[in-house]
Amino acid sequence: MQTSMHYPEFAEKCTAFLEAERPFIFLIDFEKKYWHLFSEKEATEAGLFYNIKGTTNASPPADAQSIGVHLEVDPKKKTELLERYQKAFEGVTKEINWGNSFLLNLTFPVEVDLQGRLEQVFWQSKAPFKLYWEGRFTVFSPESFIRIQNQEVETFPMKGTRSAHSKEAAEELLADYKEQAEHATIVDLLRNDLSQFAQKVRVEKYRYLEEIKRPQGGLWQTSSHIKAELPLDWKTHFGDYLNRLLPAGSVSGAPKPQTLEIIRREEGQDRGFYTGVFGLYDGKTIESAVAIRYIENQNNRLYYRAGGGITHLSQCEHEFDELLQKVYIPTL
């Protein structure tokens, strides 16, 4: 199995692959400790399988659909998690009230019982960005990170969630002041991030609705589309651009440096590849995603990692409910 690289080696290898127009897949953890870059053959040999907008290096095994995958959360474990969440929420809101953060994405692992295997989740889940690392984790993300095509870079921050329980739910989400402020903060952060290396940064479409299907009922989420122009020599500097953009704003917060310190303290553990990024260069276009909707194997126990944005308007009960709403497998 390939070991991770140091960042300088990763950046150099990115440039070599891009200039040769040679396809590759990359994977970076939230803390930026682990930098991986694989050719398609190397990914397959390492047990890393992807399906990114229909482009894949894998074929389904014979039993891929033999068992319908299903998740359950033990009510007792949910109660224990709520106690931990409440304590962290209080710590986060204190920091926000002191002015040390405006928006912080608070996440926790939720222990789950899974009918089926992680490999079957990879094959049965429906999402534009999917990844499965044998024995370690699977992710089925709805959130694009950046796309690079024709010397333009685009990003699609996703922030704001509401259960699609009624016809009015979408309008309620769009009208919610807390969600409006949260989304605006992230869009502003991403515009600033892109402006570090790109020109003519503009918002193409602001706060549009997307419905995500799930067995227990749909979810409305709001996204925005931001676009900018890259310099002619962008391939030489792609690794540097990634380093500047990470961790992704939508899963960290603002201002980013101070917010990351609070996240480390209040969550109390590394996130690892959860809320990191992964992507594919096909020889022409780079498509990448934020690694959300994520199930991992820790010592033969399965944890679904989830969370949401906290602001000064947040209420603990509502935020914890949003976290639990995101514990699902999109099989519809």
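Please refer to the structure placed before this passage.
Here the structure is a predicted model, which means the values were calculated and not measured. (Residues numbered from 1 in each chain as written. Predicted model: local features only at pLDDT ≥ 70, side-chain atom pairs only at ≥ 80, totals over all residues. Heavy atoms only, no water.)

Scanning the chain from terminus to terminus reveals nine helices and 18 strands. In terms of overall dimensions, the chain is globule-like: its C-alpha atoms have a radius of gyration of 19 Å, near the 20 Å expected for 332 residues. Within the chain, contacts between residues separated by at least 24 positions form 72% of all contacts whose residues are at least 6 apart in sequence. Total accessible area on the chain stands at roughly 14800 Å², and carbon and sulfur atoms take up 47% of it. Taking the average location of the 40 positive side-chain charges in the chain and that of its 48 negative ones, the two points are 1 Å from each other. (Helix = DSSP H or I, 4+ residues; strand = E, 2+ residues; numbered from the N terminus. Rg over C-alpha atoms; globule rule 2.2 N^0.38 Å. Contact = heavy atoms within 4.5 Å. Areas by Shrake-Rupley, 256 points an atom, 1.4 Å probe, with all protein chains shown as cover. Lys, Arg positive; Asp, Glu negative; His and termini not counted. Charge placed at Lys NZ, Arg CZ, Asp CG, Glu CD.)

The next thing to look at is empty space enclosed by the protein. Tallying each qualifying case throughout the model produces two cavities of 30 Å³ or more. Considered as a void within the structure, the largest cavity measures approximately 190 Å³ in volume. Lining the largest cavity are 21 residues, with Lys-159, Ile-292, Arg-293, Gly-307 and Lys-326 sitting closest to its centre. With six residues, the single largest contributor to the lining of the largest cavity is strand E18 (residues 301–310). Residues belonging to the lining of the largest cavity are distributed by class as follows: six nonpolar, eight polar and seven charged. Approximately 50 Å³ is the volume attributed to the second largest cavity. (1 Å grid on protein atoms, 1.4 Å probe; cavity = no way out; pocket = protein on both sides within 12 Å on 5 of 7 lines; lining within 4 Å. Points joined across faces, edges and corners; volume = space filled by probe spheres on them. Nonpolar A, V, L, I, M, F, W, Y, C, P; charged D, E, K, R; others polar.)

Let's shift gears to helix H6 (residues 177–194). The end-to-end C-alpha distance of H6 is 26 Å, a good match for the 26 Å that 18 residues give at a rise of 1.5 Å each. Residues of H6 that are buried include every one of Lys-178, Glu-179, Glu-182, His-183, Ile-186, Val-187, Leu-189, Leu-190, Asp-193 and Leu-194, and no others. Looking down the long axis of H6, one finds its buried residues gathered within 160° of arc, a one-sided arrangement. The residue sitting at the N-terminus of H6 and contributing the capping side-chain oxygen is Asp-176; that oxygen lies 2.9 Å from the backbone nitrogen of Lys-178. (Expected span 1.5 Å × (residues − 1). Buried < 20%, exposed > 50% of the residue type's maximum accessible area, 1.4 Å probe, protein only. Arc of directions from axis to C-beta. Polar contact = N/O pair within 3.5 Å; in protein donor to acceptor, adjacent residues only side chain to side chain.)

Let us now look at the packing of helix H3 (residues 75–97) against helix H9 (residues 316–325). Put simply, H3 and H9 touch, their axes get as near as 11 Å, and they point 130° apart. Looking at the two axes, H3 sits oblique to H9. Here H3 runs over H9; the crossing is right-handed. Contacts between H3 and H9 involve Lys-78, Leu-81, Leu-82, Tyr-85, Gln-86 and Phe-89 on the former and, on the latter, Cys-316, Glu-319, Phe-320, Leu-323 and Leu-324. In the contact of H3 with H9, the residues fall into eight nonpolar, one polar and two charged. (Axes fitted to C-alpha atoms, helices over the stretch in contact; angles between N-to-C directions. Parallel < 35°, antiparallel > 145°, perpendicular 65-115°, else oblique. Left-handed = near helix turned anticlockwise from the far one by under 90°.)

Quantified by volume, the largest pocket comes out at close to 300 Å³. In terms of lining, the largest pocket is formed by 15 residues, of which the most central are Arg-162, Asp-176, Glu-179, His-318 and Glu-322. Mapped onto the lining of the largest pocket, the elements with two or more residues apiece are strand E11 (158–163), H6 and H9. With five residues, H9 is the largest single contributor of residues to the lining of the largest pocket. Classifying every residue of the lining of the largest pocket gives one nonpolar, seven polar and seven charged.

On to the packing of helix H1 (residues 7–19) against helix H7 (residues 234–245). One way to put it is that H1 packs onto H7 with a least axis distance of 8 Å and a crossing angle of 145°. Where H1 crosses over H7, the two elements pack in a sense that is right-handed. Within the contact between the two elements, H1 uses Tyr-7, Phe-10, Ala-11, Cys-14, Thr-15, Leu-18 and Glu-19 and H7 uses Trp-234, Lys-235, Thr-236, Phe-238, Gly-239, Asp-240, Leu-242 and Asn-243. Classifying every residue of the contact of H1 with H7 gives eight nonpolar, four polar and three charged.

What follows covers the pairing of strand E6 (residues 103–115). Of all 13 residues in E6, eleven are buried; the element is thus mostly enclosed. The sheet contact formed by strand E5 (residues 70–72) and E6 spans three bridges and is antiparallel. Within E6, the position partnered with Leu-71 by the bridge is Leu-114. Here two bridges tie E6 to strand E14 (residues 253–254), and the two strands are oriented antiparallel to one another. Across the sheet, the residue bridging to Leu-104 is Gly-253, located in E14. (Pairing = 2+ DSSP bridges.)

This next bit is on a negative patch on the surface. Among the surface-exposed residues, Glu-72, Asp-74, Glu-80, Glu-83 and Asp-113 lie close enough to one another that they form a single negatively charged patch. By the secondary structure assignment, Asp-74 is in the loop between E5 and H3. (Patch = residues over 30% accessible without salt bridge, like charges linked within 9 Å, V, L, I, M, F, W, Y side chains within 5 Å. Salt bridge = Lys/Arg side-chain N within 4 Å of Asp/Glu carboxyl O.)

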